[in-house]
Amino acid sequence: MIENRPWLTFISHSVLILGIIAVALPIWVAIVASTHPAEAFGQGSVPLWFGNYATETWQTVLFSAAGNGVDVPVWQMMFNSLVMALGIAFGKIVISLISAYAIVFFRFPFRSLCFWLIFMTLMLPVEVRILPTYEVVAKLNLLNSYTGLALPLIASATATFLFRQAFMAMPGELVEAARMDGAGPIRFFFDILLPLTRTNIAALFVILFIYGWNQYLWPLLITTDDAYYTLVMSIKRMVSVADGAIEWNSIMATTILAMLPPVAVVIGMQKIFVKGLVDSEK
Amino acid sequence: MAAVVLNKVGKKYPNGFHAIPSIDLDIKDGEFIVLVGPSGCGKSTLLRMVAGLETISDGELSINGTRMNEREPAERDIAMVFQSYALYPHMSVAGNMGYGLKNRGVDKEVIEQKVNDVAAMLDLSHLLDRKPKQLSGGQRQRVAMGRAMVRDPQVFLFDEPLSNLDAKLRVQMRVEIRQLQRKLGTTTLYVTHDQVEAMTLADRLVVLNQGHAEQVGSPLDLYERPATPFVAAFIGSPAMNLFSAHLQQNKLILGQNESIMLECDHSFEGQVVWGIRPEHLEVTETEGDFKMRVKAVESLGAETLIYGAIEGVNEEVVLRLSGPHQPEINSNIELNAPQDKWHLFDANTQQRL
Amino acid sequence: MTVTFPHKTLPWLLIAPQLLVTLIFFLWPAGQAIEQAFYQEDAFGLSREFVALENFIELLQDPYYYNSIGVTLVFSMAVAVSGLSIALVLATMADRIIRGQMVYQTLLIWPYAVAPALAGVLWWILFDPAQGPIALWLEYMGIEWDHFVNGGDAMILVVIAATWKQISYNFLFFLAGLQAIPRSLIEAAAIDGAGPVRRFWDIVFPLLSPTAFFLLVMNIVYAFFETFGVIDATTAGGPGQSTKILVYKVYEDGFVGLDLGGSAAQSVILMMIVGLMTVVQFRFIERKVQY
């Protein structure tokens, strides 16, 4: 700091702590709520301190049925979410890596046409073209399937764009040196390019995992079979039951379980994630 | 070891720009050739055409008698040291040096043996497990050279390899490169814009200007008998003094009102460029060929550089004297320009007379 | 980049998967949306009729559509402004702190990972008119709160939930922006006699403005397209039309109302808006390179 002003530092800490409390408030209430039986809700305030029903709520939700009209247990939906998130993250990374590689390191006819076809998708979220995409997926017989959950969401150019940037920033002499050393296109990809972009890949993985895990509208539309429900969308089904009958304790437990994996990934890979997010969007 | 022949080699870019019209060059086996010239003269393009990183638009390149134009860089049996060194950041020093051999399918033990030998020669043995990031500039330079040497190629190509080093290290590495090349006897093509580097390294230099080879010759050739004013100005530091003058009836006339007129036994008549090196001007106590008014003095200890203007004509001149001297600013110095040290060029054709 | 590999078939093999996915799941649907926008279809999909621009004209005469545009603008501006200002305050404070900065960062960034729908549900329970602690506290303070009945309350609720999730993102960019400001500039200003507040407004804020503008665009994009979950899980566009943003209306008219032509026409308009925003963003990126 330029000058030492203890009161300024004190204010800084206070504001940040206040911010953290405000940000964490809903989580506090959610955790507390999950420790009470369903009957504790609807009369007076939502409980603000822990009850003693935690084990029961969590056990039921995790292993038997999430409740509120959703008949599958949370662990199964968690598995579905995981398949979808990993499918989207890996799928997107792989096809983006190789297509960016083709665009940057090769010259072929219609290269710029391909480039523009892909890049048109850059910012168009699935929500905007939701109905026709649904129809296409229905025509392809992909409703209620993992492929249908993941594949349409892979069609976005953000990752391709980022890899293209990373590849173009690679020093030209390095590529030339590899060519002089006799590395062909495949060897170059695996020996040089992949190791040198691994931090980009890791950062992108975090971002895409979260993106995939948190998908809501798409799984809501294409899954009608409980067996393919993802965790995040199941919340909608759960809160849609008749008012008053909502089992808030199990909803809150499910909510916490639904946010746990992506939050863990963000916090666990914080450094890579922060760097990747801030660098990639520039 | 190999001879490299460039036969009317030219480079034309798709946008129509003729970077190199046509160059002929015969490089003998084991020769150290330096391509030198200002930035944008085409020296790097020429080197990259030999490397196979740029296509050759016209003419033919052959190494050891075999046409190379269509060959991939890896198939030309050449090795290159890059300006940025281009070390693979994720590989160890040993990995960097052995990568080319690995791609050729050479046995692991053989690679290790060769890497160890070269590392010992370059004093890198204790660094083999390090990553490039953990090395100093000079060490990285050596690794880049080691990577080239391990392959034991027919030709070494260097693209301004010393420009990222500090001055002291540059001198040291310069000497080292020269010694290594002598020892290995590998034909070498070396690009630089630094004429000191060029003079000290080369068996023969090629001075390039706008894609043309202005002159090819040994360093002393170029110093003593530059073929054009461009070479004259480029080779030597400080640069040669060049004046536009007029030759008429065995008289060299400087300045507009004929204020300086020198005897000259050359029979040429007309506009010329007259040059004399700063170290060839002689100070005299009596009246000399012309007077110089001192503007600035640089004392370097072993020698003194004196900058000034020739009295009577509006021309800048530099004088180089050995040992320390302390002339007053604005004082006049009488100078002689001995005729056997002159360089005369036809002003129209730019050729030496 | 001049260094390329000479190869004829390999690049096609490499680019094929992405091209295929793009063609099947992007261009085909987008093309269908555009085609559908010019047709009127009966609810059972049995017959359809070319109606030229009628879907668009109908849309532009529909007061609900204008309402939805208004709702979207209010919603996105509220989310962007509140999200940016809260994040800027937090980032400025965090930038002052040397020890413990990482801890604060960790505790502030995790909402980024929470799905919008979950954010909506979490804030719903806090504001639930019957039992939410905040709603009850508001009532105690004499402020009526019922987001199931009152459109304004519903809007406030979705803005809070959407903003809460976006603060992390803004915070990270502001903090990175602040840390990228050369220390020597701040020191020079301090030597010139500028106090902390003055320095912020004279030096820091102008230098942050590219970041702020970038974030403004990103927040609007977020509010436009990525907050579907917040709204669907809490208010479902209601009460009435009060939180029905454009993306929600596309979905509802298409899937619930089965007005395929109308929904497609809305999709086409949204695609144009996205295109426009992309252009703005690219322009901005280009400018920032020079900055």
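Conventions used here
- Residues numbered from 1 in each chain as written.
- Chains lettered and ligands numbered in written order.
- Predicted model: local features only at pLDDT ≥ 70, side-chain atom pairs only at ≥ 80, totals over all residues.
- Heavy atoms only, no water.
- Helix = DSSP H or I, 4+ residues; strand = E, 2+ residues; numbered from the N terminus.
- Contact = heavy atoms within 4.5 Å.
- Buried area = accessible area lost by both parts, 1.4 Å probe.
- Salt bridge = Lys/Arg side-chain N within 4 Å of Asp/Glu carboxyl O.
- Nonpolar A, V, L, I, M, F, W, Y, C, P; charged D, E, K, R; others polar.
- Axes fitted to C-alpha atoms, helices over the stretch in contact; angles between N-to-C directions.
- Parallel < 35°, antiparallel > 145°, perpendicular 65-115°, else oblique.
- Left-handed = near helix turned anticlockwise from the far one by under 90°.
- Pairing = 2+ DSSP bridges.
- Buried < 20%, exposed > 50% of the residue type's maximum accessible area, 1.4 Å probe, protein only.
- Polar contact = N/O pair within 3.5 Å; in protein donor to acceptor, adjacent residues only side chain to side chain.
- Arc of directions from axis to C-beta.
- Core = buried A, V, L, I, M, F, W, Y, C linked by side-chain atoms within 4.5 Å.

(A) Here's a closer look at the side chain of histidine 280 of chain B. Within the element layout of this structure, histidine 280 of chain B appears in the loop between strand E14 (270–276) and strand E15 (282–283). Here histidine 280 of chain B is in contact with Tyr223, Asn336, Pro338 and Lys341 of chain B, once residues within four sequence places are set aside.

(B) Highlighting the interface of chain B and chain A. Contacts between chain B and chain A engage 27 residues on the former and 16 residues on the latter. Summed over both partners, the interface of chain B with chain A comes to about 1800 Å²; 55% of that surface belongs to carbon and sulfur atoms. Considering only the side of chain B, the residues that lose the most area to chain A are Tyr88, His90 and Asn103 of chain B, jointly responsible for 29% of the buried surface there. Run the count over chain B and chain A and you get 3 salt bridges. Its salt-bridge partner being glutamate 176 of chain A, residue arginine 48 of chain B comes within 2.5 Å of it at the nearest N-O pair. Secondary structure elements with two or more residues in the side of chain B that touches chain A: helix H1 (43–51), strand E6 (78–81) and helix H2 (93–103) of chain B. Among the elements that line the side of chain B that touches chain A, the one with the most residues is H2 of chain B, at 4 residues. A breakdown of the residues in the side of chain B that touches chain A according to their chemical character gives 15 nonpolar, 5 polar and 7 charged.

(C) Representation of the packing of helix H3 (residues 63–96) of chain C against helix H9 (residues 196–226) of chain C within the structure. All names here are of chain C. In the contact formed by H3 and H9, the axes pass within 9 Å of each other and the chain directions differ by 140°. It follows from the interaxial angle that H3 and H9 lie oblique. The chirality of how H3 crosses H9 is right-handed. Between H3, through Thr72, Phe75, Ser76, Met77, Val79, Ala80, Leu84, Leu88 and Thr92, and H9, the contact on the second element is made entirely by Phe200, Phe205, Leu208, Ala212, Leu215, Leu216, Asn219, Ile220, Tyr222, Ala223 and Phe224. A breakdown of the residues in the contact of H3 with H9 according to their chemical character gives 16 nonpolar, 4 polar and no charged.

(D) The arrangement of the environment of valine 74 of chain A in detail. One can find valine 74 of chain A in helix H3 (residues 74–105). Expressed as a C-alpha distance, the spacing of valine 74 of chain A and arginine 237 of chain A, which sit 163 residues apart in the sequence, is 13 Å.

(E) Spatial organisation of the sheet that holds strand E17 (residues 303–310) of chain B. All names here are of chain B. Judged by pairing direction, the sheet is antiparallel, and its 5 strands sit side by side in the order E15-E19-E16-E17-E18 without closing on themselves. A strand with exactly one partner marks an edge of an open sheet, and here the two such strands are E15 and strand E18 (316–322). Where E17 meets E18, 7 bridges bridge the pair, whose relative direction is antiparallel. Across the sheet, residue leucine 305 finds its bridge partner in E18, namely arginine 320.

(F) Seen up close, the pattern of salt bridges. For the structure shown, the criterion picks out 22 salt bridges over all chains. For glutamate 316 of chain B, the salt bridge is made with lysine 295 of chain B, and the minimal N-O distance between the two is 3.0 Å. With glutamate 316 of chain B in strand E18 and lysine 295 of chain B in strand E16 (residues 290–299), the pair connects residues that are 21 residues apart, well separated along the chain. For lysine 295 of chain B, a relative accessible area of 44% puts it in the partly exposed group. Note that lysine 244 of chain C is salt-bridged to glutamate 252 of chain C, the shortest N-O span being 2.7 Å. A residue is classified by how much of its surface remains accessible, and lysine 244 of chain C, at 8% relative accessible area, is buried. Salt bridges here are not isolated pairs; linked through shared partners, they connect Glu176 of chain A together with Lys11, Arg48 and Glu54 of chain B.

(G) Highlighting the interface of chain C and chain A. Between chain C and chain A, the contact holds 96 residues from the first and 113 residues from the second. For chain C, the biggest contributors to the area lost against chain A are Phe5, Gln18 and Phe25 of chain C; these three give 9% of the whole. The interface formed by chain C and chain A includes 1 salt bridge. Inspection of the region where chain C meets chain A yields 11 residue pairs in polar contact (both at pLDDT 80 or more). Its residues assigned to classes, the side of chain C that touches chain A shows 72 nonpolar, 16 polar and 8 charged.

(H) A look at the sheet that holds strand E1 (residues 4–12) of chain B. All names here are of chain B. As summarised here, the arrangement of the 4 strands in space is E2-E1-E4-E5, forming an open sheet in which the pairing is antiparallel. Looking at which strands have only one partner, the edges of the open sheet turn out to be strand E2 (18–27) and strand E5 (66–67). Pairing analysis gives 5 bridges linking E1 to strand E4 (residues 58–63), with the strands arranged antiparallel. Counterpart to asparagine 7 in the pairing with E4 is glutamate 60.

(I) Representation of helix H2 (residues 54–64) of chain A. Residue and element names in this part refer to chain A. Looking only at H2, the buried set comprises Thr57, Val61 and Leu62. Within H2, the buried residues cover an arc of 110° as seen down the axis, which keeps them to one side. Among the exposed residues of H2, those oriented more than 90 degrees off its buried face are Thr55, Gln59 and Phe63. Next to the buried residues of H2 lie H3 and helix H13 (248–268).

(J) The packing of helix H1 (residues 6–33) of chain A against H13 of chain A, seen in detail. Residue and element names in this part refer to chain A. Contact pair H1 / H13: the axes reach a minimum separation of 8 Å and the direction vectors enclose 125°. Between H1 and H13, the angle is such that the two are oblique. Here H1 runs over H13; the crossing is left-handed. Within the contact between the two elements, H1 uses Ile27, Ala30, Ile31 and Ala33 and H13 uses Asn249, Met252, Ile256 and Met259. Among the residues making up the contact of H1 with H13, the classes are represented as 7 nonpolar, 1 polar and no charged.

(K) Looking closely at the pairing of strand E12 (residues 251–254) of chain B. Residues and elements named next belong to chain B. With 4 bridges connecting them, strand E11 (residues 241–248) and E12 associate as antiparallel partners. Counterpart to alanine 245 in the pairing with E12 is leucine 254. Where E11 folds back on E12, the antiparallel hairpin that results is connected by 2 residues, among which glutamine 249 adopts a positive phi of roughly 45°. Both E12 and strand E13 (residues 260–263) contribute to a ladder of 4 bridges, which runs antiparallel. In the strand pairing of E13, leucine 252 is matched with leucine 262.

(L) Local environment of the pairing of strand E9 (residues 204–209) of chain B. Residue and element names in this part refer to chain B. Of all the 6 residues making up E9, 6 are buried; the element is thus mostly covered by neighbouring parts of the structure. Judged from the 4 bridges that link them, strand E3 (residues 32–36) and E9 form a sheet pairing that is parallel. By the bridge assignment, valine 34 is partnered in E9 with leucine 205. With 5 bridges joining them, E9 and strand E10 (residues 212–217) adopt antiparallel strand pairing. Across the sheet, residue valine 206 finds its bridge partner in E10, namely valine 216. In textbook terms, the turn of a hairpin is the stretch between consecutive antiparallel strands, and for E9 and E10 this stretch comprises 2 residues, one of which, glutamine 210, has a positive phi near 50°.

(M) Fine view of the nonpolar core. If you look at the biggest cluster of nonpolar residues, it comprises 229 residues, and the most contacted ones within it are Tyr101, Phe105, Phe188 and Phe273 of chain A together with Phe75 of chain C. A per-element tally of this core places H3 of chain A first, with 16 residues. The residues touching phenylalanine 273 of chain A, leaving out its near neighbours within four places in the chain, are Val206, Ile207 and Val266 of chain A together with Ile109, Tyr112 and Leu172 of chain C. Core analysis: the second largest hydrophobic core is formed by 43 residues, Leu122, Leu135, Tyr190 and Leu201 of chain B among them.

(N) Up close: unusual backbone geometry. Residues and elements named next belong to chain B. With an omega dihedral of -5°, the bond running from serine 237 to proline 238 counts as a cis peptide bond. Here proline 238 shows up in the loop between helix H8 (229–234) and E11. With a phi close to 50°, lysine 8 is a non-glycine residue in the positive phi region. Within the element layout of this structure, lysine 8 appears in strand E1. Backbone geometry at alanine 86 places phi at a positive 50°, although glycine is not the residue there. Residue placement: alanine 86 occurs in the loop between E6 and H2.

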